[in-house]
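# Analysis of the macromolecular model
Each chain, written out:
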Amino acid sequence: MLDGVTLEVEGGELVAVLGRSGSGKSTLLHLVGGLDRADAGSIEIVGQSLECADDRALARIRLRSVGFVFQSFALVEELSGEDNVLLPTRLPGAPSGGRRRGKRLIDELGVRSVAHRAPHELSGGEQQRFAIARALVNDPALVLADEPTGNLDTTSAAEVLGLLRTLTARDCAVVVVTHEHDTAVAADRVLYLVDGQLESRPSPA
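Anyway, here's the lowdown on the structure attached to this text.

Definitions and cut-offs
- Residues numbered from 1 in each chain as written.
- Predicted model: local features only at pLDDT ≥ 70, side-chain atom pairs only at ≥ 80, totals over all residues.
- Heavy atoms only, no water.
- Helix = DSSP H or I, 4+ residues; strand = E, 2+ residues; numbered from the N terminus.
- Polar contact = N/O pair within 3.5 Å; in protein donor to acceptor, adjacent residues only side chain to side chain.
- Contact = heavy atoms within 4.5 Å.
- Phe/Tyr/Trp six-rings, centres within 6.5 Å; stacked < 30°, edge-to-face > 60°.
- Expected span 1.5 Å × (residues − 1).
- Buried < 20%, exposed > 50% of the residue type's maximum accessible area, 1.4 Å probe, protein only.
- Salt bridge = Lys/Arg side-chain N within 4 Å of Asp/Glu carboxyl O.

### Focus: unusual backbone geometry
A positive phi is found at Ala74, a non-glycine position, where the angle reads about 55°. Position of Ala74 relative to the elements: it lies in the loop between strand 4 (66-70) and helix 3 (81-86). Of note in this structure, Asp171 is not a glycine but carries a positive phi near 70°. Counting through the fold element by element, Asp171 comes out in the loop between helix 6 (154-166) and strand 6 (173-178).

Here it is, written out as structure tokens:
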């Protein structure tokens, strides 16, 4: 359970939230991203209040302003890597230009040669690259990553952390939750979730 948590992240900043399993890290992301509703307090994304939004407005905020990256990749097995990236662009209310952005992201992330393959035909690192491209395809202001390197080998994990670090150059605000201290090396700021509260400490870097 979270207790009086305050979190503010600026565009171009990568913040890592560390905590043990079960400490509430995923709950924090779900609240910030509008997947769950808070019992009290307020949450704003680029000036848009989540607690005042009805379900339809909340879905629109998530679609246009928030990108999610999950440990399990959460790719649709029946779709190719490219179609997974383009899926959010086909939803009602998605911003224009999504197909063009999706193809550019696939090229930028170096997975064009395997874009036609289904997720089970891809390596873990390739799957996570497609997941990152999908998270960015609608040009969100905020990217939330839940244990993004947890299912990756050391080399792929380092590559994914590098990619998340580059998102700040797009002026994205990036929040990564993890229990791995090595993941926090890429962060500008490190917060520790302890007993439902966030504690600020210097970055391990």
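### Side note on the side chain of Glu13
The residue Glu13 is located in the segment before strand 1 (14-18) in this model. Within the local environment of Glu13, its side chain forms a polar contact with the side chain of Arg189, the two groups lying 2.8 Å apart. With residues near it in sequence (within four places) discarded, Glu13 still touches Glu8, Thr168, Cys172, Ala173, Val174, Asp188 and Arg189.

### Topic: the packing of aromatic side chains
Taken as a whole and assessed by the stated rule, the structure comprises 1 aromatic pair. Note on Phe68 and Phe70: the rings are 5.9 Å apart at their centroids and 5° apart in plane angle, and the pair reads as stacked.

### With respect to helix 5 (residues 124-136)
In this model helix 5 runs 19 Å from its N-terminal to its C-terminal C-alpha over 13 residues, within 8% of the 18 Å that 1.5 Å per residue would give. Taken across its 13 residues, helix 5 has 11 buried, putting it largely inside the fold. Among the residues making up helix 5, those that are buried are Gly125, Gln127, Gln128, Arg129, Phe130, Ala131, Ile132, Ala133, Arg134, Ala135 and Leu136.

### A word on the pattern of salt bridges
Evaluated as defined, the whole model comprises 11 salt bridges. In this structure, Glu82 engages Arg112 in a salt bridge whose closest nitrogen and oxygen atoms are separated by 3.1 Å. Within this pair, whereas Glu82 is found in helix 3, its partner Arg112 is found in the loop between helix 4 (98-108) and helix 5, the two being separated by 30 residues in sequence. For Arg112, a relative accessible area of 34% gives the class partly exposed. Where Asp83 meets Arg90, a salt bridge forms, and the shortest distance between an N and an O atom there is 3.8 Å. On the accessibility criterion, Asp83 (27% relative accessible area) is partly exposed. Looking at Arg90, the relative accessible area reads 48%, which means it is partly exposed.

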